[in-house]
Structures are given as structure tokens and as C-alpha cells.
Amino acid sequence: MNEGATGRGKGAGGGGMARAASRSAGKAANDDAPMARAKTSGKQDRRKQGGGRHVFEKKSIALVYDFDGTLSPKPMQEYAFLPQVGVDAAAFWQESNAIARAEQADPLITYMHLLYKKAKAAGVRIDRSDLVAQGRQVELFAGVMEWFDAIAEYVKLRAESHGVEIRHYLISSGLTEIIEGTPIYDRFTNVFASEYWFDAYDLPYPKRVITDTGKTQYLFRINKGVEDLGQNINQHMPEVERPIPFSNMVYFGDGETDVPSMAVMRKNGGHAIAVYPPGKSKQKCVDLFHANRVDFFAPADYRRGSDLFRRTCLLLDRMLADIRVQEETWRMTRGLK
Ligand SMILES: [Mg+2]
């Protein structure tokens, strides 16, 4: 997520959850339907079965990413929104965080509000389609565009258990609409991010705000296969029924705003990797590593053969081996072999 609006960094993150869902459901991109339009809604019933009777089904691996600072060097609002309304990025985050502190307001709601106050003051009207267009200007770290195919290829080469599926998810405090305009949007099974209502108020009003700790809810949604936001996530679900165990999940983040997510991952047997901008300070990552928040850290270079690629593949190797072991045990338990 972005660190700006949380008072630690200089950016605010983006969000965008059920957007993908709405697309696949054939709805207009800016409709205000309840956000229950998970891209994957069709898969839910099947996945709910977890370890079904006749086939071992826990073969999905989920790679979950923060956006700002993790896949992209800067908070997404800094590429087009702020320049368009003539506002200096550093000054914006400073002002937003100062207001949040003074008012004891949530930093993410504050930034979402201030963004549009600035646009209004500048006489610039930015609607949903403008935000989507801004997404095309968001810069991605080296190799991000090729990463998804490279990982798929690696898993295909290494998976000796048939039917292993790799999924990519995004959980961001930034804006759904901007993420939707990026060239990697289609790579995600689902995108969970903050989002606006555009027609209910004079200024766009936050529809969904994803805070640092709020991100953890979406990790559980992925874990439990409850990606339809209209469904309650708090109902108890025994581990055995959860389609993607935490041990099959890796979370990628870049800083303090990711600590709650990293902690949830690690405490539940999942994995986490921290990234830092290539050529810049890695201190935050070193601190996370020493605090046992992450398995690995690496420069945010997603190209095949990079440290990040290699370390991710190490975790994938372990997950693929675990899946084979579990599948074998599952078969023996049922007397199938
Ligand atoms: Mg971040």
C-alpha cells in the first residue's frame, strides 16, 4: 500500500477490489452495484470444496502483492493525478498527513478527500474514466510486465503434481480505478483496493478504504475463497475447508504499511517477501527481515534470474513439494493407493 497516507512514507496507496469482478460479470465499469462482483465468483463453489472427496483440490498457490512501492516505484497518484491538478506530491502527502493528525482522522480517508478538494480548487474535473486513463501512466518496476508469464512457466516446468494453479492478487490502499488502467490489471485474479462513489456526492466519496490492517481481511478472503465482498468473511471456516491454505500464499510488500499483512501471513504458516527500490536503501527490508516479518527481501527487480525471481522460485519449490506430499498423504488416507 502506499506509505504516504499512513503517515510513514510519502504516498497513499491504491485500491480496487471487485473491479475485475465487475468486468467479468459484464457490468459497466462504473456501476455502483454492490461490490460483490468478484472476478472469480464462478470459481467459488468449486473452491469451497477445499479437499473434496475424489480429488485433492488444495493445489492453488496465491501470490499477493501490495502496489505502491512494491510493483510501482511511486504512489500511483503521483504519476498523473497530482501533476494534473498542479500539486507537488511531497507537499500533498505532508498536508494530508498533517490534517489527519490534527483531526485524528483516518489517513486514507483524508487523502482520498483531499485529492478531490485539490482538483476542485484547481477547477479540474476528474471522473472515473479519467482515473482509469491515468493508470496508463503508472510506471512499473523492471520485469513486472514479464513476471506473470515467467512465474507461470517456472511452475509449469517444476510442478510434478498435475493441476497446480498459480493466482495473482493485488491488495492496495491506492485507487481501484487507476489500477484498472495499468497494463497488468488483467493478470490478477482479483484486485482489492480503495474506491470512490462518483455520482452520489458533489465531491467523489470514498466507497471502500483499505487501510494497513484492513488489508488482512482480504488475505483471509483469498484463504477462505470468499472473494465476493457481499459475503461475510468473519464466519468460522475450519482449516480443512479453506481452498488456499496460508502455506500456499506469498505476500509481497515494501514497508511498514505491509507489516500487518506480513504478520498475518507468517503467523499462519504463509510466506512474505519485502522489496526495496533497486539502488536505494534496503534498511526497511533489513529491519523486516530481522523482525522475522519476511522470509526474504530483494531489490524490486522482477526480471527472470533476478534475486527476487530466484527467491520467489525457492518458495514456490517448497510449496510445490508440500502440495505433492499432502496429495500423497490424502490418497493414502483414503486408501486410494
Ligand atoms: Mg507499498
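The paragraphs below set out a description of the structure included in this document.

## So, the nonpolar core
Part 1 of the reasoning: In terms of nonpolar packing, the biggest core is built from 74 residues, with Val64, Leu170, Met249, Ile273, Val275 and Phe297 touching the most fellow members.
Part 2 of the reasoning: Broken down by element, this core gets its largest block of residues, seven residues, from helix H5 (residues 107-121).
Part 3 of the reasoning: Setting aside chain neighbours within four positions, we find Val64 in contact with Tyr169, Ile171, Leu219, Ile222, Met249, Val250, Tyr251 and Phe252.

## Observations regarding the pairing of strand S3 (residues 190-197)
Part 1 of the reasoning: With seven of its eight residues buried, S3 lies for the most part within the structure.
Part 2 of the reasoning: The sheet contact formed by S3 and strand S4 (residues 205-208) spans three bridges and is antiparallel. Paired with Trp197 across the two strands is Tyr205, which belongs to S4.

## Observations concerning H5
Part 1 of the reasoning: Taking 1.5 Å per residue as the helical rise, H5 with its 15 residues ought to reach 21 Å, and the 21 Å between its terminal C-alpha atoms agrees with that figure.
Part 2 of the reasoning: When we look at burial in H5, the residues that qualify are Pro107, Leu108, Thr110, Tyr111, Met112, Leu114, Leu115, Tyr116 and Ala119.
Part 3 of the reasoning: Next to the buried residues of H5 lie helix H3 (81-84), helix H4 (89-103), strand S2 (165-175), S3 and S4.
Part 4 of the reasoning: Immediately beyond the C-terminal end of H5, within one or two residues, lies Gly123, with a positive phi of roughly 70 degrees.

## Observations concerning unusual backbone geometry
Part 1 of the reasoning: Positive phi outside glycine occurs at Gln104, with the angle close to 55 degrees.
Part 2 of the reasoning: Tracing the backbone through its elements, the reader meets Gln104 in the loop between H4 and H5.
Part 3 of the reasoning: A positive phi angle, close to 60 degrees, is found at Asn292, a residue other than glycine.
Part 4 of the reasoning: Judged by the 11 C-beta atoms lying within 10 Å of it, Asn292 is exposed.

## Re the packing of helix H7 (residues 144-158) against helix H12 (residues 307-333)
Two packed helices can be described by the angle between their axes and the distance between those axes.
Part 1 of the reasoning: One way to put it is that H7 packs onto H12 with a least axis distance of 11 Å and a crossing angle of 40 degrees. Crossing hand, H7 versus H12: right-handed. Contact residues: Ala150, Tyr154, Val155 and Arg158 in H7; Phe309, Cys313, Leu316, Asp317 and Leu320 in H12.
Part 2 of the reasoning: Its residues assigned to classes, the contact of H7 with H12 comprises seven nonpolar, no polar and two charged.

## A word on the sheet that holds strand S1 (residues 60-65)
The strands making up a sheet are joined through hydrogen bonds of the backbone, oriented either antiparallel or parallel.
Part 1 of the reasoning: Ordered in space as S4-S3-S2-S1-S5-S6-S7, the seven strands form an open sheet in which the pairing is mixed. At either margin of the open sheet sits one strand with a lone partner, and together these are S4 and strand S7 (296-299). On average, each strand axis in the sheet is tilted by 20 degrees relative to the strand beside it, whichever way the strands run.
Part 2 of the reasoning: One ladder, built from four bridges, connects strand S6 (residues 271-276) with S7; its direction is parallel.

## Structural notes on the environment of Asp212
Part 1 of the reasoning: Assignment of secondary structure puts Asp212 in the loop between S4 and helix H9 (215-224).
Part 2 of the reasoning: Residue classification places Asp212 among the buried residues on the basis of 24 C-beta atoms within 10 Å.

## Describing the environment of Ile99
Part 1 of the reasoning: Mapped onto the elements, Ile99 comes out in helix H4.
Part 2 of the reasoning: Taking the C-beta count within 10 Å as the criterion, Ile99 has 15 such neighbours and is therefore assigned partly exposed.
Part 3 of the reasoning: Spatially, the C-alpha atoms of Ile99 and Tyr111 are 9.1 Å apart, while their sequence positions differ by twelve residues.

## Examining the packing of H4 against H5
Part 1 of the reasoning: Here H4 crosses H5 at 130 degrees, and the two axes come no closer than 9 Å. The pairing of H4 with H5 is recorded here as oblique in orientation. Crossing geometry of H4 relative to H5 is assigned as right-handed. Where H4 approaches H5, its residues Glu95, Ser96, Asn97, Ile99 and Ala100 are matched on the opposing element by Pro107, Thr110, Tyr111 and Leu114.

## What to know about the pairing of S6
Part 1 of the reasoning: Burial analysis of S6 places six of its six residues in the buried class, which makes it a mostly covered element.
Part 2 of the reasoning: As paired elements, strand S5 (residues 249-253) and S6 share four bridges and run parallel to each other. Among the inter-strand pairings, Phe252 is bridged to a residue of S6, identified as Ile273.
Part 3 of the reasoning: In this region the chain leaves S5, passes through helix H10 (residues 259-267) and returns to the parallel neighbour S6; the handedness of that crossover is right-handed.
Part 4 of the reasoning: Note that the unit made of S6, helix H11 (residues 283-290) and S7 has a crossover that is right-handed.

## Focus: H7
Side chains that are three or four residues apart share a direction in an α-helix, a result of its 3.6 residues per turn.
Part 1 of the reasoning: Counted at 1.5 Å a residue, the expected span for H7 with its 15 residues is 21 Å, and the 21 Å between its end C-alpha atoms agrees.
Part 2 of the reasoning: Taken as a whole, H7 has its buried residues at Val144, Trp147 and Ile151. Mapping the buried residues of H7 onto a view down its axis gives an arc of 25 degrees, with all of them on the same face. Along H7, the residues that are exposed and aim more than 90 degrees away from the buried face are Asp149, Glu153, Lys156 and Leu157.

Reading the values: the criteria
- Residues numbered from 1 in each chain as written.
- Predicted model: local features only at pLDDT ≥ 70, side-chain atom pairs only at ≥ 80, totals over all residues.
- Core = buried A, V, L, I, M, F, W, Y, C linked by C-beta atoms within 7 Å.
- Buried ≥ 20, exposed ≤ 12 C-beta atoms within 10 Å, placed from the backbone.
- Helix = DSSP H or I, 4+ residues; strand = E, 2+ residues; numbered from the N terminus.
- Contact = placed C-beta atoms within 7 Å.
- Pairing = 2+ DSSP bridges.
- Expected span 1.5 Å × (residues − 1).
- Axes fitted to C-alpha atoms, helices over the stretch in contact; angles between N-to-C directions.
- Left-handed = near helix turned anticlockwise from the far one by under 90°.
- Nonpolar A, V, L, I, M, F, W, Y, C, P; charged D, E, K, R; others polar.
- Parallel < 35°, antiparallel > 145°, perpendicular 65-115°, else oblique.
- Right-handed = clockwise from strand over helix to strand, strands pointing away.
- Arc of directions from axis to C-beta.

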